[in-house]
Amino acid sequence: MISVRHLTKHYEVHEKQAGFLGSLRALFHREYKAVKAVADVSFEIGPGEIVGFLGPNGAGKTTTLKMLSGLLHPTAGEVSVAGFTPKRRQREFLTTITLVMGQKQQLIWDLPAADSFLVNQAIYDIPDEVYRERVGELTEMLGLGGLLNKQVRKLSLGERMKCELAAALLHGPKVLFLDEPTIGLDVNMQQAVRDFVAGYNERHGATVLLTSHYMADVTALCRRVMVIDSGALIFDGDLSSLIERTAPQKLLKLEFRVPQSEAALRAYGELRECSELRAELRVARDRVTETAARLLADLPIVDIGIEEVPIEEIIGQVFRGRQAERAEAAK
């Protein structure tokens, strides 16, 4: 459904020195710096896949999504989405995709969301019967009852985000580009958006490329993740493979009947946290079962839990490793 070959995007950014002299100098001699937003990225995404697209701020995620949706032209490389070349912006292509950006809105601020829906119906030339059916389906899936006739500016952030999603999906797109769709939402609303995306994918077989800084979005929706840093794709594969490769340990969370000393607990693994009746140990994956058995035999344990290292920590390790590599290469 999505094919990307050696995708590259470079910008020339004007640089000006501070102060009056810097402004004066820039009038006669403008200096530019080349910025590599995306550098030789290649990947394939099949029909119906939900793929997480991860990276720090400025890594090139949004730039990539804009090139996939045809808003930006690549400097080099080839892109195909549902058989179309995005930069040509053909009508058939535009009715096949949608781009939802959590920090941008398409709804008209002073009008009810229902009026913006009618505008989208006219833009995409959606027949009345199909339009009513889709509004009904989206209203049911997103819980929009009572919201569509309120002015958008009177909706909460979460309510507005649900209406934004509905507006973006009225034309029945096969490909969804979701850029931080849960940003700024509370925990309950984040879960509602995640449930909706999963349900829409299941009902319609839509292909989804999702960027998010909330790792709960990624772990709930994506089996496959792509990690981009400084414009370069540094990982593409199963989320579980990334976890195993980057975090060769698991967490043992312990609760005791009586307090335990930190010195005694360090004999079983890397002690991360310790309070009077609770502790958290890091233990190598291949020693988890053995260590858990020893702990249960040796100590007055009330409860024990075995968990993966949080995905936020794993992604942080990946980026710190890249920073260290770049620092070493710069020496």
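Nothing here was measured: the structure is a model prediction, and the numbers come from that model.

Participant: Can you break down the overall build of the protein residue by residue, with the values?
Facilitator: Scanning the protein for helices and strands turns up 12 helices and 13 strands. Along the three orthogonal principal directions, the C-alpha set of the protein runs to about 70 × 60 × 40 Å. Residues classed as buried in the protein amount to 44% of the 331 residues present. A fraction of 70% describes how many contacts in the protein between residues 6 or more apart in sequence connect residues 24 or more apart. As presented, the protein carries roughly 17,300 Å² of accessible surface, and 50% of it is formed by carbon and sulfur atoms. Averaging the coordinates of the 41 positive side-chain charges in the protein and doing the same for the 44 negative ones gives two points 6 Å apart.

Participant: An account of the packing of aromatic side chains is requested, with residue identities and associated values reported.
Facilitator: Applying the stated criterion across every chain, the model contains 3 aromatic pairs. A ring pair is formed by Phe 43 and Phe 53, whose centres lie 6.5 Å apart and whose planes are at 50 degrees; its orientation type is tilted. A residue pair is termed long-range when its members are at least 10 positions apart, and Phe 43 in strand S2 (residues 31–45) and Phe 53 in strand S3 (residues 50–54) qualify at 10 residues. Accessibility classification places Phe 43 together with Phe 53 in one group, the buried group.

Participant: I'd love a proper account of the pairing of strand S12 (residues 278–284), names of residues and values included.
Facilitator: The buried count for S12 comes to 5 of 7 residues, which makes it a mostly enclosed element. The pairing of strand S10 (residues 249–256) with S12 spans 7 bridges and is antiparallel. Across the sheet, the residue bridging to Leu 252 is Leu 281, located in S12. Summarising the sheet, strand S11 (residues 270–274) and S12 pair through 4 bridges and their orientation is antiparallel. Following the sheet pairing, Glu 270 is matched in S12 by Arg 282. Connecting the antiparallel pair S11 and S12 is a turn made up of 3 residues.

Participant: Tell me about the nonpolar core, residues and numbers included.
Facilitator: Formed by 55 residues in total, the largest nonpolar core has its most connected members in Phe 117, Leu 148, Cys 163, Phe 196 and Leu 242. Take this core: its biggest share by element is 7 residues, from helix H6 (residues 157–169). If sequence neighbours within four positions are ignored, Leu 242 has contacts with Val 225, Val 227, Phe 235, Ala 247, Ile 314, Ile 315 and Val 318. Judged by nonpolar contacts, the second largest core, of 25 residues, contains Val 41, Leu 65, Val 79 and Val 81.

Participant: Talk me through the packing of H6 against helix H7 (residues 187–204); I want residue IDs and the actual numbers.
Facilitator: Packing of H6 against H7 leaves a shortest axis separation of 10 Å and a crossing angle of 15 degrees. Between H6 and H7, the angle falls in the class roughly parallel. Read as a crossing pair, H6 and H7 show a hand that is right-handed. Listed contacts from H7 to Gly 158, Glu 159, Lys 162, Leu 165 and Leu 169 of H6 are Met 189, Val 193, Phe 196 and Tyr 200. Here the contact of H6 with H7 is composed, by residue class, of 6 nonpolar, 1 polar and 2 charged.

Participant: Could you give an account of the packing of helix H4 (residues 113–124) against helix H5 (residues 128–142), with specific residues and numbers?
Facilitator: Relative to each other, H4 and H5 sit at 140 degrees, their axes nearing to 11 Å. In terms of axis orientation, H4 runs oblique to H5. Every pair of crossing elements has a handedness; the one defined by H4 and H5 is right-handed. Each of Ala 114, Phe 117, Leu 118 and Gln 121 in H4 lies in contact with H5, whose residues at this interface are Asp 128, Tyr 131 and Val 135. Residue composition of the contact of H4 with H5, by class: 5 nonpolar, 1 polar and 1 charged.

Participant: Lay out the side chain of His 171 in plain terms, naming residues and giving numbers.
Facilitator: Its place among the elements puts His 171 in the loop between H6 and strand S6 (175–179). Among the residues examined, His 171 registers a relative accessible area of 8% and is labelled buried. Every residue in contact with His 171, bar those within four places of it in the chain, is listed here: Leu 94, Thr 95, Ile 97, Thr 98, Tyr 124, Ile 126 and Arg 134.

Participant: Tell me about the pairing of S10, residues and numbers included.
Facilitator: Pairing between S10 and strand S13 (residues 301–308): 7 bridges, direction antiparallel. What sits directly across from Phe 256, in S13, is Ile 301.

Participant: So what about the pattern of salt bridges? Which residues, and what values?
Facilitator: Per the counting criterion, the structure on display carries 12 salt bridges. Between Lys 253 and Glu 307 there is a salt bridge; the shortest N-O distance is 3.3 Å. Of the two residues, Lys 253 is situated in strand S10 and Glu 307 in strand S13; the sequence distance between them amounts to 54 residues. The salt bridge partner of Arg 266 is Glu 262, with a shortest N-O separation of 3.2 Å. Under the relative-accessibility criterion, Glu 262 is labelled partly exposed at 37%. Taken together, the shared-partner salt bridges connect Lys 253, Arg 272, Glu 280 and Glu 307 into one network.

Thresholds applied
Just so you know, the residues in each chain are numbered from 1, in the order the chain's sequence is written. Only residues with pLDDT of at least 70 are given local features in this predicted model, and only at 80 or more are side-chain atom pairs given and counted; all residues enter the totals for whole chains, interfaces and linings. Based on all heavy atoms of the structure, the side-chain values leave hydrogens and waters out of the count. For helices the rule is a DSSP run of H or I covering at least 4 residues; for strands it is a run of E covering at least 2, with both sets numbered from the N terminus onward. Throughout, exposure labels follow a simple rule: accessible area from a 1.4 Å probe, protein chains only, divided by the maximum for the residue type, with under 20% read as buried, over 50% as exposed, and the rest as partly exposed. Contacts are assigned to residue pairs with any non-hydrogen atoms lying within 4.5 Å of each other. In these tables, accessible area is a Shrake-Rupley quantity obtained with a 1.4 Å probe, and a residue counts as shielded only by the protein chains included in the view. Residues counted as positive are Lys and Arg, residues counted as negative are Asp and Glu, and His and the chain ends are not counted. Charged side chains are reduced to one point each, which is NZ for Lys, CZ for Arg, CG for Asp and CD for Glu. Any two rings among Phe, Tyr and Trp, with Trp reduced to its six-membered ring, count as a pair given centres within 6.5 Å; such a pair is stacked if its planes are under 30 degrees apart, edge-to-face if over 60, and tilted if neither. For two strands to be treated as a pair, DSSP must find no fewer than two bridges joining them. We call a set of buried Ala, Val, Leu, Ile, Met, Phe, Trp, Tyr and Cys residues a nonpolar core when their side-chain atoms join them within 4.5 Å. Each axis is a line fitted through C-alpha atoms, and for a helix only the stretch in contact is used; angles between axes span 0 to 180 degrees, taken between their N-to-C directions. Angular relationships are summarised with four words: roughly parallel below 35 degrees, roughly antiparallel beyond 145, roughly perpendicular across 65 to 115, and oblique for the angles in between. Crossings are assigned a handedness: left-handed for a near helix turned anticlockwise from the far helix by less than a right angle, right-handed for a clockwise turn. Polar here means any residue other than Ala, Val, Leu, Ile, Met, Phe, Trp, Tyr, Cys and Pro, which are nonpolar, and Asp, Glu, Lys and Arg, which are charged; Gly is therefore polar. The salt bridge criterion pairs a side-chain nitrogen of Lys or Arg with a carboxyl oxygen of Asp or Glu, the two atoms within 4 Å.

By themselves, these are just geometric observations and shouldn't be taken as functional.
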